[in-house]
Amino acid sequence: MHVYIYDDYLNNSRYNKIINRIEIRLTDLGLNGKIIRLSGIKNIKGAIQNEIKLGSKTFIAVGNNQTVNKIIGAIINSDIYSDFQKKTLLGIIPVGSDNSIAASFGIKNEEEACNILLARRVEEIDLGLVAGHYFLNQAVIQSSGTVLELNGYSLEVSDRGEVKIINLLSDKNETIKSNPHDGLLDVFIKTGKKNESFLKTKTIKIFNAKHKLIIDNIIEIETPTELSVMKNKINAIVGKNRMFE
Amino acid sequence: MFSKDNKLEKFKDAETIIGSSIKVKGNFQGQGDIVIEGFLEGSLKTLASVFIGNQAKIAANIEAKDAIVNGEVHGNIKAKNYLAIGNTAKIFGDLQYGEISIEKGAVINGQLLMLSEDHKKNEKLKDEKIENSVEK
């Protein structure tokens, strides 16, 4: 059975029309299922764990990046997830802004999302982890004053720009290729048009006294902190126009 | 990977690229091609190729299969297969190589030693063992 998890902000009346449209489309496609509204529950983990126990296999985040990350955190941290990992699927129906994860999955809008759920194309995807938070796309920090510590060596960035730790690419125009199945994070440092650095790593420590690390455009994290990656941890339902092989 | 004029042909294919605004300290090890345009202090080792750009400043011993040097290196360089030195290169250290090419204008302050055929064979066997263990 499908479980649709609606984020808090969808209670706003301006999303009523979109939600109605999604529900009608899902009914037409025979994909209707149980709806859980995050505004009505305090314990997401408990609610999801309960659904897994009851036999639910597909969890669909209806909302934005934050919704997806909340649900991933709740699924992964469930005590019983490891037993069901290969059977539990994650889908996304993007609503509103901040939907780079959906874009990475090749999902442009809510209508396309419904069709993608029906097609059920599944990919195993790595999951980034930093300070107890999971992330699918990337972690970003200002480059000036940033020190990165990797296996046996450190990198100091002097110029202004951006350091991105990428798990899953969210921008098609980016000059690098990132593989979300390789069990590695891609470190991409851009301090000018022609000044780009790139390397791959399993873990990385970040230090910056002035700036915070931002994951998936949502959560700010103080440094020093360590990032790592878990290989093929999530089974995601993706579109054919996804930004990875 | 390298063209005749000591420029990278497939810049994007490199496993690691260190830009000119980056300073690396420590023991840098890789399996694939490495491009250094910035600063490096420590050591640099890869099973594949190393490209040192003309803005790069290196204070490290370098060990690679192939190496192409256009920048400043304070340290020894060991290229088991091929070592190419561009006209902007300044090297202060000893060089070991299978084959070498040096452009007019390059500065080399150190000893040059061509690796023997036996040494090359032994190194090749060592590399194959490492590659196999990495694959496993």
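Placed above this text is the structure.
Residues numbered from 1 in each chain as written. Chains lettered and ligands numbered in written order. Predicted model: local features only at pLDDT ≥ 70, side-chain atom pairs only at ≥ 80, totals over all residues. Heavy atoms only, no water.

Once that is clear, we can look at the overall build of chain A. Check the secondary structure of chain A and you find 6 helices and 16 strands. Relative to a compact globule of 245 residues, whose C-alpha radius of gyration would be 18 Å, chain A shows 18 Å and is just as compact. Counting only C-alpha atoms, chain A reaches 55 × 35 × 35 Å along its principal axes. Relative to its 245 residues, chain A shows a buried fraction of 54%. Here the contacts in chain A between residues at least 6 apart in sequence split such that 71% fall between residues at least 24 apart. Looking at chain A as shown, the accessible area adds up to about 11300 Å², and 46% of this sits on carbon and sulfur atoms. Charged side chains of chain A number 32 positive and 28 negative; the gap between the two group centres comes to 4 Å. (Helix = DSSP H or I, 4+ residues; strand = E, 2+ residues; numbered from the N terminus. Rg over C-alpha atoms; globule rule 2.2 N^0.38 Å. Buried < 20%, exposed > 50% of the residue type's maximum accessible area, 1.4 Å probe, protein only. Contact = heavy atoms within 4.5 Å. Areas by Shrake-Rupley, 256 points an atom, 1.4 Å probe, with all protein chains shown as cover. Lys, Arg positive; Asp, Glu negative; His and termini not counted. Charge placed at Lys NZ, Arg CZ, Asp CG, Glu CD.)

Across its full length, chain B holds 1 helix and 12 strands. Reading chain B from its N terminus to its C terminus gives the helix and strand order β-β-β-β-β-β-β-β-β-β-β-β-α. Here the contacts in chain B between residues at least 6 apart in sequence split such that 12% fall between residues at least 24 apart. Working note: accessible area of chain B is about 7300 Å², and carbon and sulfur atoms make up 46% of it.

All names here are of chain A. Under the criterion given, the structure shown has 12 salt bridges over all chains. Linking Glu222 and Lys212 is a salt bridge whose minimum nitrogen-to-oxygen distance equals 3.7 Å. Placement of the pair is Glu222 in the loop between strand S15 (219–221) and strand S16 (225–237) and Lys212 in the loop between strand S13 (203–207) and strand S14 (213–215), with a sequence separation of 10 residues. By relative accessible area, Glu222 is classed as exposed at 53%. Each of Asp182, Asp186 and Lys200 takes part in salt bridges that share partners, so that together they form one network. (Salt bridge = Lys/Arg side-chain N within 4 Å of Asp/Glu carboxyl O.)

This brings us to the nonpolar core. Ranked by internal contacts, the top residues of the largest apolar core, which has 50 residues, are A:Val62 and A:Phe105. For this core, the element with the highest residue contribution is helix H3 (residues 65–76) of chain A, accounting for 6 residues. (Core = buried A, V, L, I, M, F, W, Y, C linked by side-chain atoms within 4.5 Å.)

All right, on to the interface of chain A and chain B then. Contact residues are listed per partner, giving 17 residues for chain A and 16 residues for chain B. Counting the surface lost from both chain A and chain B, the interface buries some 1300 Å², and carbon and sulfur atoms represent 49% of this. Together, A:Tyr153, A:Glu156 and A:Phe198 form the three largest contributors to the area buried by chain A at its contact with chain B, with a combined 38%. Where chain A touches chain B, the interface holds 1 salt bridge. Across the salt bridge formed by A:Glu156 and B:Lys25, the nearest N and O atoms sit 3.8 Å from each other. Connecting chain A to chain B are 8 residue pairs in polar contact (both at pLDDT 80 or more). At the level of elements, strand S9 (153–157) and strand S12 (196–201) of chain A are the ones that each hand at least two residues to the side of chain A that touches chain B. The element contributing the most residues to the side of chain A that touches chain B is S9(A), with 5 residues. Looking at the side of chain A that touches chain B residue by residue, the classes come out as 6 nonpolar, 8 polar and 3 charged. Sheet topology places S9(A) next to strand S2 (residues 22–30) of chain B; 5 bridges connect them, and they run antiparallel. (Buried area = accessible area lost by both parts, 1.4 Å probe. Polar contact = N/O pair within 3.5 Å; in protein donor to acceptor, adjacent residues only side chain to side chain. Nonpolar A, V, L, I, M, F, W, Y, C, P; charged D, E, K, R; others polar. Pairing = 2+ DSSP bridges.)

Residue and element names in this part refer to chain A. In this structure, Pro224 follows Thr223 across a cis peptide bond, with omega equal to 5°. Mapping Pro224 onto the fold places it in the loop between S15 and S16. Phi at Asp216 takes a positive value of approximately 45°, unusual for a residue other than glycine. Relative to the elements of secondary structure, Asp216 occurs in the loop between S14 and S15. For Asn232, which is not glycine, the phi torsion reads 45° and is therefore positive. Examined against the element boundaries, Asn232 turns out to sit in strand S16.

Take the environment of B:Gly38 next. Here B:Gly38 lies in the loop between strand S3 (34–36) and strand S4 (39–46). You can call B:Gly38 buried: its relative accessible area is 0%.

A word on the packing of aromatic side chains. A full pass over the atoms with the stated rule returns 2 aromatic pairs over all chains. Judged by centre distance (4.4 Å) and plane angle (40°), the rings of A:Tyr153 and B:Phe28 are tilted. Of the two residues, A:Tyr153 sits in strand S9 while B:Phe28 sits in strand S2, which places them in two different chains. In this pair, the class of A:Tyr153 matches that of B:Phe28, namely buried. Over the aromatic face of A:Phe244 sits the side chain of A:Arg242, whose NZ or CZ is 5.9 Å from the ring centroid. (Phe/Tyr/Trp six-rings, centres within 6.5 Å; stacked < 30°, edge-to-face > 60°. Lys NZ or Arg CZ within 6 Å of the ring centre and 35° of its normal.)

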